[in-house]
Amino acid sequence: MISNDHQRIRLEAVSKRWADTAAVDAISFDVMPGQFVILLGPSGCGKSTTLRMVAGLEQASAGRIRIGERDVTFLPPGDRGISMVFQSYALFPHLSVADNIVFGLRSRKVPKPERRQRLERVAELVDLGPYLERKPAQLSGGQRQRVALARAIISEHPICLMDEPLSNLDARLRGEMRREIKALQTRLGMTVIYVTHDQVEAMSMGDRVILMQDGRIVQDGTPDELYNRPASAFAASFIGSPAMNLLPLVAGDRGAVIAGEASVSVAPVDAAGGQLGLRPEDIEICRESAQGVPAKVLDSEYLGADTILRLAVGEQTLRARLPGKQPLEQGQPCRLAWAPAAAHLFGADGHRRDDLTPHAISAAEGRSHGEGDATALPPQSANPPGNAQGIHP
Amino acid sequence: MLIHNADRRMQIYGALLLLPAAVLLATFAYLPTIATLINSLFLPGFRGEPPSFAGLENYQLLIEDQTFWRVARNNLIYALGTIPTSIALALGMALFVNARLPGRGFVRMAYFTPTILPMIAAANIWMFFYAPQIGLFNSLLGALGFSGVNWLGDPSVALGSVIVMTVWKEAGFFMIFYLAALQGMAPELKEAADLEGTSRWSFFWRVTFPLLMPTTLFVLINALINAVRVVDHLFILTKGGPNNATNLLLYYVYENAFSFFDRTYAATITVVILLVLAVVATVKFAILDRRTHYQ
């Protein structure tokens, strides 16, 4: 796999301008052969435009696009050696599945016996064997998606671009296709650039995620890096469900405190004016008597595997995710704690601040109500289970 | 019983909804057709006498009528001259104005203008183009040093002149249908084809044209009907002359009915036209419909 350097994609300060607005603003990145790279971002962030510029469907206003050693910036789409899967699938409605799949091979004048051979192989690969004679209208959404994939695979182009290929499918099918696409990519060693606004797709499929906002790259890293070390408040809020809590910090007596909650300082005083980021799953809920940041339960949402609590801290609301069913009552006071590594500090400009170390907020210090107080369990978990079931019909 | 009643009420309800359209169709389409059919079996009555039943005598006359065959041949040439040309031109214009080009709206409007002009007005404009001495075409030819042509007066040219005008008039109308169909086509199809290096030519024949088939079929039927519906511009341009060189079926019907006052013979020709049209339309739908992809 060393010789496949011709699959490397390189963007150098590529821009796309319409009139006086820049949809894509001088972005640069490299995609290595065999990599599965996700372009992630909210709608209108320029991710699709970027993909279409790589495909050649849109002409770059500035910058260079290279594939391998070739400068493809001004090449027509057909000469770039790429295939693409569209959000709408872009299947030809009047052609059978088989004709749809071999459409490109016919355009490239591949001889008929070879076409048939490749069709057979690809149809098996994507499980479309029994449907080859059908028209796209007679297929389900998932099957149409497979035809679109097959059309991309059969071209045997090393690079495949995907523009939100799963967004027209229902949730269950989406999960299935996610795994299938990822497995196909690994098996065929394809280089994939995949556009999505769905962070679940990005996290689960990508070797690397490029997060974009307003035509610029916010963060370019592995899913792990995006989750654990978000480069900005935007990146922090975009990844994770529910999103990371972002709490404004103000200057307090002994350091920066959460606005409206002056009793516990959570970070050095320099962090004031910025934001404190806490993932809902990193927050511990302790008894009211424990140490930690005082909070009050606003409501809870039971999701089966876990419960999402909405809590009021000072003037702020934040979400916490706790495992299982948590019988916490509305209005119940409690304390919050978290590990120092779980707290992320962002400056007033939204960028991550690694120069400051957030304070440890531990529940273990306080002993106002005897010994058991440090346990991170809600008070009512000691109740007989029958009680909890009585609340929940 | 209750279900049965409800079912019946729904049927009556449905029939009532259909009634207005059925009444209009019966009054203006079916009854006249039947009346025409009956009329064609009679000979006209003279001096106030009632028409006398003649069986198929009118049809016998028709077969022996040299003028009828001349007119039918003219109409065939007219159809073959106008239908493919205007459809091809309409498709070409639609593809052209569907592309990104400056002043697209203006060009579309310009192409459509002939359609919104009343036929009589359009024919009058073309009279100026075709006029032997002062006409636009002959003036242009004269400026280039050629001698002029008597566009509408020369029996060998006149039908061609009428055909050209019809194509000019119809192409813009058909273009609108093609344009609408083209606008309904997903742009991703072209992009997907581009990514495989499909040439424009190949894309047109493999994707665009097949997807436009329903439109083509519709336009074809319309063009056919229009080809046997021509009265008005013959009325202005040639009155069927010279020596029936531009006489077409419906104009011949008109002549028989209102110039020669032979209503029953006119009815006979009409019945023949209707039969021919019905056969052609049936064949077209039967053959082309099977090969047409409807979305």
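Here is what the cut-offs are and how they apply
- Residues numbered from 1 in each chain as written.
- Chains lettered and ligands numbered in written order.
- Predicted model: local features only at pLDDT ≥ 70, side-chain atom pairs only at ≥ 80, totals over all residues.
- UniProt positions renumbered as here; feature names shortened; annotations may be inferred.
- Axes fitted to C-alpha atoms, helices over the stretch in contact; angles between N-to-C directions.
- Helix = DSSP H or I, 4+ residues; strand = E, 2+ residues; numbered from the N terminus.
- Parallel < 35°, antiparallel > 145°, perpendicular 65-115°, else oblique.
- Left-handed = near helix turned anticlockwise from the far one by under 90°.
- Contact = placed C-beta atoms within 7 Å.
- Nonpolar A, V, L, I, M, F, W, Y, C, P; charged D, E, K, R; others polar.
- Pairing = 2+ DSSP bridges.
- pLDDT = per-residue confidence, 0-100.

Naming follows an unreviewed UniProt entry, where chain B appears as ABC transporter permease of Halomonas urumqiensis. The UniProt entry for chain B carries this comment under Subcellular location (unreviewed entry): "Cell membrane". You can read under Sequence similarities (unreviewed entry) in the UniProt record for chain B the words "Belongs to the binding-protein-dependent transport system permease family."

The name an unreviewed UniProt entry gives chain A is ABC transporter ATP-binding protein, with Halomonas urumqiensis as the organism.

## A closer look at the packing of helix H12 (residues 249-259) of chain B against helix H13 (residues 263-290) of chain B
Residue and element names in this part refer to chain B. Orientation of H12 relative to H13, taken along the N-to-C sense of each, is 160°, at an axis distance of 7 Å. Classified by the angle their axes make, H12 and H13 are roughly antiparallel. Crossing handedness for the pair H12 and H13: left-handed. Contact residues: Leu 249, Tyr 252, Val 253, Asn 256 and Ala 257 in H12; Arg 263, Tyr 265, Ala 266, Ile 269, Thr 270 and Ile 273 in H13. Residues belonging to the contact of H12 with H13 are distributed by class as follows: 8 nonpolar, 2 polar and 1 charged.

## Comments concerning the UniProt feature "transmembrane region" (unreviewed entry) in chain B
Residues and elements named next belong to chain B. As recorded in UniProt, the sites labelled "transmembrane region" (unreviewed entry) are residues 12-31, 76-97, 109-131, 157-182, 203-225 and 265-287. Counting secondary structure, residues 157-182 comes out at 100% helix and 0% strand; the distance between its end C-alpha atoms is 36 Å. Helix makes up 96% of residues 203-225 and strand 0%. Its end C-alpha atoms lie 31 Å apart.

## A look at the sheet that holds strand S4 (residues 62-67) of chain A
All names here are of chain A. Strand order in the open sheet formed by 4 strands is S2-S1-S4-S5, with antiparallel pairing between adjacent strands. At either margin of the open sheet sits one strand with a lone partner, and together these are strand S2 (21-31) and strand S5 (70-71). Across 2 bridges, S4 lies against S5 in antiparallel orientation. Within S5, the position partnered with Arg 66 by the bridge is Asp 71.

## Notes on the confidence of the model for chain A
A residue-level look at chain A finds 91% of positions with pLDDT of 70 or above and a mean pLDDT of 84. pLDDT under 50 marks residues 365-393 of chain A. Its contacts with residues more than four places away, or in other chains, come to 29 contacts.

## Some points on the UniProt feature "domain: ABC transmembrane type-1" (unreviewed entry) in chain B
The UniProt record marks residues 72-284 of chain B with the feature "domain: ABC transmembrane type-1" (unreviewed entry), using the residue numbering of this structure. Secondary structure within residues 72-284 of chain B divides into 77% helix and 0% strand; the distance between the first and last C-alpha atoms comes to 20 Å.

## Quick word on the pairing of S2(A)
Bridge count for strand S1 (residues 9-18) of chain A against S2(A) is 7 bridges, and the pairing is antiparallel. In the strand pairing of S2(A), Arg17(A) is matched with Ala22(A).

## Thoughts on the interface of chain B and chain A
Facing the 16 residues of chain B at the interface are 19 residues of chain A. Mapped by element, the contributors of at least two residues to the side of chain B that touches chain A are helix H8 (187-195) and helix H9 (200-211) of chain B. Here the side of chain B that touches chain A gets 6 residues from one element, more than from any other, and that element is H8(B). Split by residue class, the side of chain B that touches chain A holds 7 nonpolar, 5 polar and 4 charged.

## So, the sheet that holds strand S7 (residues 159-163) of chain A
Residue and element names in this part refer to chain A. The strand order across the open sheet built from 6 strands is S6-S7-S8-S3-S9-S10, with neighbouring strands paired in mixed fashion. In this open sheet, the two strands that pair with only one neighbour each are strand S6 (82-85) and strand S10 (216-221). Taken over all neighbouring pairs, the strand axes of this sheet differ in orientation by 20° on average, direction set aside. Bridge analysis of strand S9 (residues 208-213) against S10 gives 5 bridges, and the strand direction is antiparallel. Each residue of the ladder has a partner; that of Gln 213, found in S10, is Arg 216. Each of S6 and S7 touches helix H5 (residues 141-154); the most contacted strand, S6, lies at about 175° to it.

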